Amino acid sequence: MKLVRYGKAGHEKPAVLLENKLIDVSNVAGDIDGNFLESGGLEKVRAFIEAGEFDAKEWSEDSHLAAPINRVSKIVCVGLNYAKHAEESGMEVPSEPVLFFKATTAIVGPYDEVVIPKGSEKTDWEVELAVVIGKKASYVSKESAMDYVAGYMVHNDISERAFQLEKGGQWVKGKSCDTFAPLGPYLVTKDEVADPHNLDLWLKLNGETMQSSNTSDLIFDIPTLVSYISEYMTLLPGDIISTGTPFGVGLGLNPPMYLKPGDVMELGIDGLGVSKQSVVAFEDASNR
Ligand code: ZN
């Protein structure tokens, strides 16, 4: 299933996207969040769809989409998880997963604007496969790790490189600004993705391909990441693990190139849809 949250900001409704039609599932799902995943929401929605007693409405580009999951307790990001990206960043390929947090207040919808933060000169893009946790995970083995995965989404791990790398301390400062986590368009349930380790992922900036890779190049695969992270913290339903970005970010170009107002990013992953964000200046966003 492809789950979305659509409608006016702050009043989004849960829906299933089926053959380009939106099926409202608010009767069986209050919202798509950790509680929904934990309480068997997916099964209820699946049964509702299979029963076929619903009105479907045409999907259109202006059906405003929010991030497909609400009330995320944490976003755990994995750094340098593609060898060529580690190289372009001038860093060693890690021997253990590099982890950092991204504030959940950074989450926006798949077609929302990305705001260049105040004082930023180095805002950058990163297409990533995001994994959504379906049930509480603490000290889970690699062998059972996939039982804890609910599904997958496209994530643009927007990053401010000066905040991240030049201001000391942890990467979190360069990863957490408002609008720095466009998610979606949809949450695709695990059963619909035959092999999450063989998905093309790409990002275009103003129509030009900047990133083009495949999740088969991940250094640490999804079971390894779920198991590893669960040794250091409890993962809750609805939590997101962003698995790292491949080669082709602005930081790695010679000379480096960063986002400016008016730029348009389009990014996608096989089977997980395409998202698109316009870039706006902080001053313009805050004057509205
Ligand atoms: Zn990243």
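In case you missed it, the structure is sitting above this.
Note that this is a predicted model, so its numbers are computed, not measured.

### Some details on the overall build of the protein chain
Then, number 1: On a plain count of helices and strands, the protein chain comes out with six helices and 20 strands.
Then, number 2: Whereas a compact globule of 288 residues would reach a radius of gyration of roughly 19 Å, the protein chain reaches 18 Å, a difference of no more than 12%.
Then, number 3: In terms of its C-alpha atoms, the protein chain occupies a principal-axis envelope of roughly 55 × 45 × 30 Å.
Then, number 4: In the protein chain, buried positions account for 55% of the 288 residues.
Then, number 5: Long-range contacts, defined here as pairs at least 24 residues apart, represent 75% of the contacts in the protein chain between residues at least 6 apart.

### Looking at the coordination of the zinc ion
Ideal values for angles at a metal depend on the geometry: 109.5 degrees with four tetrahedral donors, 90 or 180 degrees with six octahedral donors.
Then, number 1: Distances from the zinc ion to its protein donors, E126 (OE), E128 (OE) and D157 (OD), fall at 1.8 to 2.1 Å.
Then, number 2: Between the donor residues of the zinc ion, the gaps in sequence give the motif E-x1-E-x28-D. One end of the pair, E128, is in strand β11 (residues 127–133); the other, D157, is in the loop between β12 (149–156) and β13 (159–160), and 29 residues separate them in sequence.
Then, number 3: Classification of E128 as buried rests on a relative accessible area of 1%.
Then, number 4: The exposure class of D157 is buried, given its relative accessible area of 0%.

### Comments concerning the environment of M91
Then, number 1: Assignment of secondary structure puts M91 in the loop between α3 (83–88) and β7 (98–102).
Then, number 2: Placed 69 residues apart in sequence, M91 and L22 show a C-alpha to C-alpha distance of 44 Å.
Then, number 3: Discounting residues that sit within four places of it in the chain, M91 has contacts with L80, A86, L165 and W171.

### Overview of unusual backbone geometry
Then, number 1: Following N254, the chain continues to P255 via a peptide bond in cis, the omega torsion being -5°.
Then, number 2: By secondary structure assignment, the location of P255 is in the loop between β18 (240–242) and β19 (264–269).
Then, number 3: Of note in the backbone geometry, N20 takes a positive phi value of approximately 65° without being a glycine.
Then, number 4: Its identity as a non-glycine residue notwithstanding, L80 has a phi of 55°, on the positive side.
Then, number 5: Along the polypeptide, L80 turns up in the loop between β6 (75–79) and α3.
Then, number 6: Residue L80 is classed as buried on the basis of its relative accessible area, which comes to 8%.

### Section: the pairing of strand β2 (residues 13–18)
Then, number 1: Sheet topology places strand β1 (residues 2–6) next to β2; four bridges connect them, and they run antiparallel. Residue pairing across strands places R5 opposite P14, the latter belonging to β2.
Then, number 2: Two successive antiparallel strands, β1 and β2, enclose a turn made up of six residues, where G7 displays a positive phi of approximately 115°.
Then, number 3: Relative to strand β3 (residues 21–24), β2 runs antiparallel, the two sharing four bridges. If you follow V16 over to β3, its bridge partner there is I23.
Then, number 4: Between the antiparallel neighbours β2 and β3 lie two residues, among them E19 with a positive phi of about 45°.

Rules of the game
Think of each chain on its own: its residues are numbered from 1, step by step along the sequence as written. Owing to the predicted nature of the model, reporting of local features is limited to residues with pLDDT of at least 70; listing and counting of side-chain atom pairs is limited to 80 or more, with chain, interface and lining totals taken over all residues. Only hydrogens and water are set aside when side-chain values are computed; all heavy atoms of the structure are taken into account. The way it works is that DSSP assigns letters per residue, a run of H or I at least four long becomes a helix, a run of E at least two long becomes a strand, and they are numbered from the N terminus. As defined in this context, the radius of gyration uses C-alpha atoms, and a globule is described by 2.2 Å times the residue total to the power 0.38. Each residue's exposure class comes from its accessible area (1.4 Å probe, protein chains only) as a fraction of the maximum for that residue type: buried when under 20%, exposed when over 50%, partly exposed otherwise. Note on contacts: a residue pair qualifies if any of its non-hydrogen atoms lie within 4.5 Å across the two residues. Any N, O or S atom lying within 2.8 Å of the metal counts as a donor, with the limit raised to 3.2 Å for Na, K and Ca; because water is left out of the atom set, some sites can appear incomplete. For two strands to be treated as a pair, DSSP must find at least two bridges joining them.

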